[in-house]
Amino acid sequence: MSTLTYRKAPPGFTKEQWEQFDREGILVIENALTQDEIDYYLDAIDQLTAADPKYKVDKFYGPDNVATKHPVFTELIDHPRHVGYAYDIYGELLKLHLSQVFIRPRDSSHNAWHPDGARALPYGVFSPRLPMQIKIGYWLTDLPHPKMGNFVCMPGSHRRQYFDGYTKHTSIPGEKILCCQKGTMVIMHCGTWHRVEPNESDVVRKNIFLAYCPSWICEADRHQCEPEWLKTLNREQRIIMRSYSHGYARTKPPKDDFPLFLDRETGLDSDPEIYADGVPLHIRKRRVAHEQWI
Ligand SMILES: O=C(O)CCC(=O)C(=O)O
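Residues numbered from 1 in each chain as written. Predicted model: local features only at pLDDT ≥ 70, side-chain atom pairs only at ≥ 80, totals over all residues. Heavy atoms only, no water.

**Quick notes on the overall build of the chain**
Of regular secondary structure, the chain possesses 7 helices and 8 strands. Relative to the 2.2 N^0.38 estimate, which gives 19 Å for 294 residues, the radius of gyration of the chain is 19 Å and therefore close to what a compact globule would have. Principal-axis analysis of the C-alpha atoms gives the chain an extent of 65 × 40 × 35 Å. The buried share among the 294 residues of the chain stands at 53%. A separation of at least 24 residues holds for 83% of the contacts in the chain among residues at least 6 apart in sequence. Only carbon and sulfur atoms are counted for the fraction: they give 54% of the accessible area of the chain, which is about 14200 Å². Distance between charge centres in the chain, computed from 37 positive and 39 negative side chains, equals 5 Å. (Helix = DSSP H or I, 4+ residues; strand = E, 2+ residues; numbered from the N terminus. Rg over C-alpha atoms; globule rule 2.2 N^0.38 Å. Buried < 20%, exposed > 50% of the residue type's maximum accessible area, 1.4 Å probe, protein only. Contact = heavy atoms within 4.5 Å. Areas by Shrake-Rupley, 256 points an atom, 1.4 Å probe, with all protein chains shown as cover. Lys, Arg positive; Asp, Glu negative; His and termini not counted. Charge placed at Lys NZ, Arg CZ, Asp CG, Glu CD.)

**With respect to the packing of aromatic side chains**
Inspection of every chain in the model, using the stated rule, returns 16 aromatic pairs. Centre to centre, the rings of Phe60 and Phe102 are 5.3 Å apart; their planes meet at 70°, and the pair counts as edge-to-face. Here the residue Phe60 occupies a position in the loop between helix H2 (35-50) and helix H3 (71-74), and Phe102 occupies one in strand E2 (residues 94-104), the gap between them amounting to 42 residues. Judged by its relative accessible area of 30%, Phe60 falls in the partly exposed class. Measuring from centroid to centroid gives 4.9 Å for Tyr166 and Trp193, while their planes differ by 85°, and the two rings are edge-to-face. (Phe/Tyr/Trp six-rings, centres within 6.5 Å; stacked < 30°, edge-to-face > 60°.)

**Some remarks on the site of the ligand**
Every residue near the ligand is listed here: Phe102, Arg104, Asn111, His114, Asp116, Lys135, Trp139, Phe151, His194, Val196, Arg205 and Phe209. Note that an oxygen atom of the ligand is positioned 2.9 Å from one of the side-chain N or O atoms of Lys135. Relative to its free-state accessible area of 300 Å², the ligand is covered by the protein chains to the extent of 94%. Secondary-structure elements contributing two or more residues to the shell around the ligand are E2, strand E3 (134-139), strand E7 (194-196) and strand E8 (205-214). (Near = heavy atom within 4 Å. Polar contact = N/O pair within 3.5 Å; in protein donor to acceptor, adjacent residues only side chain to side chain.)

**Topic: the sheet that holds strand E5 (residues 176-177)**
Strand order in the open sheet formed by 3 strands is E5-E4-E7, and the pairing between neighbours is antiparallel. The sheet terminates laterally at E5 and E7, the two strands that pair on one side only. Inspection of the sheet shows strand E4 (residues 151-153) paired to E5 by 2 bridges, in the antiparallel sense. Looking at the pairing, Val152 lines up with Ile177 of E5. (Pairing = 2+ DSSP bridges.)

**Looking at the sheet that holds E3**
Strand order across the open sheet formed by 5 strands is E1-E6-E3-E8-E2, with antiparallel pairing between neighbours. Lying at the two open borders of the sheet, with one neighbouring strand each, are strand E1 (26-29) and E2. Strand-to-strand, the axes of this sheet are offset by a mean angle of 15°, without reference to chain direction. As judged from the 10 bridges shared by E2 and E8, these two strands associate in the antiparallel manner. Bridging across to E8, Ile103 finds its partner in Lys206. With respect to the sheet, helix H4 (residues 83-90) is in contact with E1, E2, E3, strand E6 (185-189) and E8, its orientation differing from that of E8 by roughly 30°. (Axes fitted to C-alpha atoms, helices over the stretch in contact; angles between N-to-C directions.)

**Quick word on the nonpolar core**
Core analysis: the largest hydrophobic core is formed by 49 residues, its most contacted members being Phe73, Leu94, Ile134, Ile187, Ile208 and Tyr212. If sequence neighbours within four positions are ignored, Ile134 has contacts with Phe21, Ala86, Ile89, Tyr90, Ile187, Met188, His189, Cys190, Leu210, Ala211 and Tyr212. One finds Phe102, Met148, Phe151 and Leu178 within the second-largest nonpolar core, a separate group that totals 13 residues. (Core = buried A, V, L, I, M, F, W, Y, C linked by side-chain atoms within 4.5 Å.)

**A word on the state of the cysteines**
Taken as a whole and assessed by the stated rule, the structure comprises 0 disulfides. Cysteine Cys213 remains unbridged, with the sulfur of Cys218 as its closest cysteine sulfur at 8.6 Å. Cys213 gets classed as buried once you look at its relative accessible area, which sits at 0%. (Disulfide = S-S within 2.5 Å.)

**A few points about the side chain of Arg235**
Its location among the elements puts Arg235 in helix H7 (residues 235-241). For the buried Arg235, no salt bridge is present, and the opposite-charge side chain at shortest range is Glu236, 4.2 Å distant. A distance of 2.9 Å separates the side chain of Arg235 from the backbone oxygen of Pro259, its partner in a polar contact. The contacts of Arg235, once residues within four sequence positions are left out, are Tyr6, Asp256, Asp257, Phe258, Pro259 and Leu260. (Salt bridge = Lys/Arg side-chain N within 4 Å of Asp/Glu carboxyl O.)

Below, the structure is given as C-alpha cells:
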C-alpha cells in the first residue's frame, strides 16, 4: 500500500471533550472560526441567496444539500476543523448525513422541541449511548441574548426518548439557550432534545449545520450526487458523500473506499496485531476513538 495518497485523520475529541459530549449531549467550542473565516462563509451564503429566486429577505431560509451547491460548502465535507470529531465516532464508515444553511430573521418560523433522527422507533432504542447522527453547527452571527432565534437544548436529554415539551415551544427548566459569539462551533448528539427561540431582534441569525452518521444510515438530503460534481471532489470528500448506486454498498462499501483516513497517531491503515495476514482491509474492523473511553 502506498501511504502517500492517504491522509491521517484530523484531530477530534480530547478525553475531556468526549466526557462532556457523552454526559451533556452537546459540546460548545468558542472561537473556532476567525473573522476571515466567518466572512468567507457569510459571503458564500450571500451568493447562495442571490442565486435562489425562492429566497425572501424576511422569511426563514434553510436550503439543504448545500455541500453540492457551493464550493465553499463542499470544502466543509472533510474540513479538518471538525471532521475528526465525526471520524472519532463513525470511523471508516463516516458519511455526511446532511448539510444546511439556516437564516432566521425576526419573526420567522422557529422549531418546537424535538430530537433529530428516527421518531416512531428512535435510534436510542438500538444505541442508548452512542449517537447515530451528530450535528456540527457553525454560528456566523453574534447571539448574545435569548429571543434571537437561538438554538436551545436540554443537556443530558440524549438518553431520553420521551420529553414533556415535545411539539411545544415552551421553555423547560434546565434548558440551555445557546447565547454565543459568532465563530462558535457546536457538536451535538442528535438524540438531544432541542428547539429554537423566536427571533425578536433585528439580528438575522445565520449558521451552517453539517450532520454525520454511519454510511448505513440513509442520507437525509440526497440519495446520489451528480457524477460530474463528484469528479470535482478530493478522495475523502467523495467517500464521505457515499454516493452509492447499490443499497448494500452503504453497509459494505467498496474496497477502494478504504482507508478513509489513516490512524492519526500511528499513521497506519489498520489496527496492528488483530487479524491474520490476508484479511483484506475493507472487511477489517478498526477501533474508533470512543472505544478507548467507554
Ligand atoms: O436552527 C436551529 O437552531 C435548530 C434547527 C433544528 O431544530 C433542526 O435542524 O433540527
